[in-house]
Amino acid sequence: AANLLVSSLGNLLGGHITDVLGARKTMILSLAWRAGITLLLALAIMANAAASLTATLFFTATFVGHIMAPAADTYIAQRFNFTERSNVFSVMRVGVNAGWALGPVAGGFFANSLGFGNLFAITGVLTTINVWLLSRYLPQETARPQEKPSRNQLTISIKAWLNTMRLAHWRFFMQVNFLAAIAYSQMFTMLSLYLSRYKNEDAALIGLLFGWNGVLVVATQIRMTRLIKKAALTTVCAAGLAFYVIGYSVLASFS
């Protein structure tokens with residue numbers, strides 16, 4: 001629960017930093033910070049450090065990592081027009097879930113064979129490579145000198161956040177998303193605990209399960225985007241929530 005709260009704060013701050021530094025620079029810095037903190041986390045685990053220190057490093061890595069999310073979305077929105085964005089975001093989701101397909105499987109294997117300390121060390125190295133790839137190959141943003149950030153940008157951001165909450169339809173949208181996120185997070189927290197604690201499954205099998213989840217998204221995301229291209233976004237969101245209900249109900253019947 002604390003990790004999800006830290007994630008939300010990272011997203012919130014990420015939007016502000018993106019306004020100040022730009023999307024490209026924010027993505028690179030976020031990944032660089034996360035790489036360094038992940039390597040420190042690996043050292044803490046190898047040294048059998050106190051749980052409080054390990055948790056602090058983990059939360060910090062989560063926080064700086066989620067600063068990247070608003071920057072990535074902004075970068076895409078700036079480079080593609082409205083009619084292209086659905087397809088582009090779908091392709092990005094395929095990439096993210098391809099990582100979800102491979103990452104948990106590899107993570108479960110390495111956790112069992114090499115230990116968690118080495119697993120996080122490998123993660124830190126891979127993240128460092130990602131920083132280099134972004135800084136070398138990601139195109140620069142289109143210069144927009146007329147939108148240079150003000151010295152009072154943080155104050156402007158806070159006022160913008162508060163102003164959005166005055167809109168009734170936006171508050172409703174936030175509430176629905178909040179409730180959906182509570183349900184969604186159980187798949188990756190409570191299900192993992194259930195499988196390990198009550199079903200005595202090891203990390204490799206749990207990783208394989210989440211990897212299969214990523215494979216399904218990779219296999220269906222673009223096709224589904226094409227099928228729902230002309231549907232109202234609100235209808236699509238409602239249908240997605242309905243599938244959550246069906247999926248959790250099926251899972252509950254087997255638990």
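A brief look at the structure comes next. (Residues numbered from 1 in each chain as written. Predicted model: local features only at pLDDT ≥ 70, side-chain atom pairs only at ≥ 80, totals over all residues. Heavy atoms only, no water.)

1. Things to note about unusual backbone geometry
Piece 1. A positive phi is found at Asn48, a non-glycine position, where the angle reads about 55 degrees.
Piece 2. Tracing the sequence through the fold places Asn48 in the loop between helix H2 (23-46) and helix H3 (51-66). (Helix = DSSP H or I, 4+ residues; strand = E, 2+ residues; numbered from the N terminus.)

2. Some details on the nonpolar core
Piece 1. Core analysis: the biggest nonpolar cluster contains 10 residues, these being Ala23, Met27, Ile28, Leu31, Ala71, Ala72, Tyr75, Val131, Leu134 and Leu138.
Piece 2. Listing elements by their share of this core, those giving two or more residues are H2, helix H4 (68-79) and helix H6 (116-137).
Piece 3. No other element matches the 4 residues that H2 contributes to this core.
Piece 4. Filtering out sequence-adjacent residues up to four positions away, Leu134 remains in contact with Arg24, Met27, Ile28, Leu31 and Met68. (Core = buried A, V, L, I, M, F, W, Y, C linked by side-chain atoms within 4.5 Å. Buried < 20%, exposed > 50% of the residue type's maximum accessible area, 1.4 Å probe, protein only. Contact = heavy atoms within 4.5 Å.)

3. Section: the environment of Ile156
Piece 1. With respect to the helices and strands, Ile156 occurs in helix H7 (residues 153-164).
Piece 2. Along the sequence, Ile156 and His16 sit 140 residues apart, while their C-alpha atoms lie 9.2 Å from each other.

4. A look at the packing of H4 against helix H5 (residues 82-113)
Piece 1. Where H4 contacts H5, the two axes come as close as 10 Å, and the packing angle between them is 145 degrees. Between H4 and H5 the crossing geometry is right-handed. Here Asp73, Ile76 and Ala77 of H4 lie close against H5, whose contacting residues are Arg85, Val88, Phe89 and Met92.
Piece 2. Here the residues of the contact of H4 with H5 are counted per class, giving 5 nonpolar, no polar and 2 charged. (Axes fitted to C-alpha atoms, helices over the stretch in contact; angles between N-to-C directions. Left-handed = near helix turned anticlockwise from the far one by under 90°. Nonpolar A, V, L, I, M, F, W, Y, C, P; charged D, E, K, R; others polar.)

5. Re H2
Piece 1. Its 24 residues give H2 an end-to-end C-alpha distance of 35 Å, which sits within 8% of 34 Å, the value for a rise of 1.5 Å per residue.
Piece 2. One or two residues past the end of H2 sits Asn48, with phi positive at roughly 55 degrees. (Expected span 1.5 Å × (residues − 1).)

6. Details of the packing of H5 against H6
Piece 1. Running from amino to carboxyl end, H5 crosses H6 at an angle of 140 degrees, the nearest separation of the two axes being 7 Å. Here H6 runs oblique to H5, going by the angle between their axes. Along its contact with H5, which presents Gly107, Phe110 and Ala111, the element H6 presents Phe116, Leu119 and Ile122.
Piece 2. Looking at side-chain class alone, the contact of H5 with H6 contains 5 nonpolar, 1 polar and no charged residues. (Parallel < 35°, antiparallel > 145°, perpendicular 65-115°, else oblique.)

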